[in-house]
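Chain residues, written in single-letter form:
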Amino acid sequence: MKKNKKIYSSKLDHEEEELLSSVENEEWKTVKNIKKEKLSARKTAARTLRKDVRINIRLTSNDLSNIKQIAAFEGLPYQTLIASILHKYAAGHLR
């Protein structure tokens, strides 16, 4: 890969800068058997995104209002935001 000048109109955050740098430094390797890897990733995504259980939860009106405000700022439905937070917590990504 030949090195190109950075021609990005928006600012990148620290993680994006690191990723870009690693690509530009040719640190990325081609995955063997890409079709198998893609199929595996699709199956994992389908299992992760499948919502097969319904729950009810009671919150204070103030908490729900704050969650709705955050969701609106993020451009998400508030229920999707709540599900995402719960998923991250259950997966051990939030403490």
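Residues numbered from 1 in each chain as written. Predicted model: local features only at pLDDT ≥ 70, side-chain atom pairs only at ≥ 80, totals over all residues. Heavy atoms only, no water.

Draft legend 1. Region of the structure containing the overall build of the chain. From N to C terminus, the chain includes four helices and zero strands. For the chain, the N- to C-terminal ordering of α and β elements is α-α-α-α. For 95 residues, the compact-globule estimate of 2.2 N^0.38 gives 12 Å, and the C-alpha radius of gyration of the chain, at 19 Å, exceeds that figure by more than 25%. Counting only C-alpha atoms and orienting by the principal axes, one finds that the chain spans roughly 55 × 35 × 25 Å. Across the 95 residues in the chain, those meeting the buried criterion constitute 6%. Surface accessibility of the chain: about 9500 Å² in total, with carbon and sulfur atoms responsible for 54%. Averaged over its 20 positive side-chain charges, the chain has a centre that lies 9 Å from the centre of its 12 negative ones. (Helix = DSSP H or I, 4+ residues; strand = E, 2+ residues; numbered from the N terminus. Rg over C-alpha atoms; globule rule 2.2 N^0.38 Å. Buried < 20%, exposed > 50% of the residue type's maximum accessible area, 1.4 Å probe, protein only. Areas by Shrake-Rupley, 256 points an atom, 1.4 Å probe, with all protein chains shown as cover. Lys, Arg positive; Asp, Glu negative; His and termini not counted. Charge placed at Lys NZ, Arg CZ, Asp CG, Glu CD.)

Draft legend 2. Looking closely at the side chain of Ser22. Structurally, the position occupied by Ser22 is in helix H1 (residues 14-24). For Ser22, the side chain forms a polar contact with the side chain of Trp28, separated by 2.6 Å. When neighbours within four sequence positions are excluded, Ser22 is seen to be in contact with Glu27 and Trp28. (Polar contact = N/O pair within 3.5 Å; in protein donor to acceptor, adjacent residues only side chain to side chain. Contact = heavy atoms within 4.5 Å.)

Draft legend 3. Spatial organisation of the packing of aromatic side chains. The final tally for this structure, using the stated rule, is zero aromatic pairs. Here the guanidinium or amino end of Lys68 rests over the ring plane of Tyr78, the centre of that ring lying 4.9 Å away. (Phe/Tyr/Trp six-rings, centres within 6.5 Å; stacked < 30°, edge-to-face > 60°. Lys NZ or Arg CZ within 6 Å of the ring centre and 35° of its normal.)

Draft legend 4. Local environment of the confidence of the model for the chain. Averaged over every residue, the pLDDT of the chain is 88; the share at 70 or more is 91%. No element of the chain has a lower mean pLDDT than helix H2 (residues 34-49), at 89, and none a higher one than helix H3 (residues 61-74), at 97. (pLDDT = per-residue confidence, 0-100.)

Draft legend 5. Layout of unusual backbone geometry. Although it is not a glycine, Glu26 adopts a positive phi angle of roughly 55°. Positionally, Glu26 belongs in the loop between H1 and H2. Classification of Glu26 by relative accessible area gives partly exposed; the value is 41%. One non-glycine residue, Asn33, lies in the positive phi region at around 55°. Its location among the elements puts Asn33 in the loop between H1 and H2. Assessed through its relative accessible area of 49%, Asn33 is described here as partly exposed.

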